[in-house]
Amino acid sequence: MARRYRILIRLTAFLSLVRWTHIAFIAYVQIVIGLSLHIHGSWTSTLLDPVFLAMLFSTASIVAGGSLINSFYDLERDLTTRPLRTLFEQPVAKKYGAYVATWCYGMGLLIAAVFLPWHVAGGMWGFGSLLWFYSHKQLSQTDFGALIATLLAFIPMALLLWMYMPLAKPGIASVWPLAALLFLVEWRRQYERMQQVNHSENSYLQRQWTYKIGLALGVIGLALLA
């Protein structure tokens, strides 16, 4: 019983470290984009397409690896901004963080190399390198941290559209104003997240959820306009 409890605690801490909500949101955006492009006609054929699934799993694995590295380097700073959550995550991050991050990166890059078209696979390797550099060099603490994080959040979507060119061209032309607005909303969310120490906890969390709901609804708007 005690062993099962420890495993559950470690699994919960691991999910928190990889920021599973962020990974789930990126997957949600990619799925909505894929369905809006009508890649294979029916939505079941699109969702079960091996190349599309490879894009989802490759992105999720790379983002998980980057989040683990970022969490490992941010432990000291996070002790002041969110002490209880950090103390819960710290044992798992220090013991398993680097090891699991390496496996996540390796799995994501391997999936991209084997299953994705060569130009998209190259883009995913570039994305993984940029994400590693962002996490390893702690660029989130620089003046341009929020902008870089926003660009990294949009790269998987851009690569998905690139993979299905020229099918995606008409959709991109019709939705770019809304996409630009969502980019600004995400930049503001990232900026406030990185400046969390300057905000009261309640107002900060309320705004973050407002941004996330707005982004989720905006993605649906992109699909309807495409």
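Residues numbered from 1 in each chain as written. Predicted model: local features only at pLDDT ≥ 70, side-chain atom pairs only at ≥ 80, totals over all residues. Heavy atoms only, no water.

## Things to note about the environment of Leu152
The topology assignment puts Leu152 in helix α8 (residues 145-163). Each C-alpha atom, one on Leu152 and one on Leu130, is 7.9 Å from the other, the two residues being 22 residues apart in sequence. Those residues in contact with Leu152 that lie beyond four places of it in its chain are Phe127, Leu130, Leu131 and Tyr134. (Helix = DSSP H or I, 4+ residues; strand = E, 2+ residues; numbered from the N terminus. Contact = heavy atoms within 4.5 Å.)

## A closer look at a nonpolar patch on the surface
Together, Leu205, Trp209, Ile213, Leu217, Ile220 and Leu224 give the surface a local cluster of nonpolar side chains, amounting to about 650 Å² of exposed area. For Leu217, a relative accessible area of 56% gives the class exposed. (Patch = residues over 30% accessible without salt bridge, like charges linked within 9 Å, V, L, I, M, F, W, Y side chains within 5 Å. Areas by Shrake-Rupley, 256 points an atom, 1.4 Å probe, with all protein chains shown as cover. Salt bridge = Lys/Arg side-chain N within 4 Å of Asp/Glu carboxyl O. Buried < 20%, exposed > 50% of the residue type's maximum accessible area, 1.4 Å probe, protein only.)

## Quick notes on the packing of helix α7 (residues 118-136) against α8
Close contact between α7 and α8 brings their axes to 10 Å; oriented N to C, the two are set at 165 degrees. Considering their axes alone, α7 and α8 lie roughly antiparallel with respect to each other. Here the hand of the crossing between α7 and α8 comes out left-handed. On α8, the residues that touch His119, Val120, Gly123, Met124, Phe127, Leu130, Leu131 and Tyr134 of α7 are Gly145, Ile148, Ala149, Leu152, Ile155, Pro156, Leu159, Trp162 and Met163. A breakdown of the residues in the contact of α7 with α8 according to their chemical character gives 14 nonpolar, three polar and no charged. (Axes fitted to C-alpha atoms, helices over the stretch in contact; angles between N-to-C directions. Parallel < 35°, antiparallel > 145°, perpendicular 65-115°, else oblique. Left-handed = near helix turned anticlockwise from the far one by under 90°. Nonpolar A, V, L, I, M, F, W, Y, C, P; charged D, E, K, R; others polar.)

## Let's talk about the pattern of salt bridges
Two side chains of opposite charge can pair, provided their charged atoms sit close to one another. Following the criterion strictly, the structure yields three salt bridges and no others. For Arg188, the salt bridge is made with Glu192, and the minimal N-O distance between the two is 3.2 Å. Linking Arg188 with Glu192, this pair stays in helix α9 (residues 169-194), spanning four residues, or about one helical turn. A relative accessible area of 34% places Arg188 in the partly exposed class. The partner of Glu192 in a salt bridge is Arg207, and the shortest N-O contact between them spans 2.7 Å.

These figures come from the coordinates and say nothing about function on their own.
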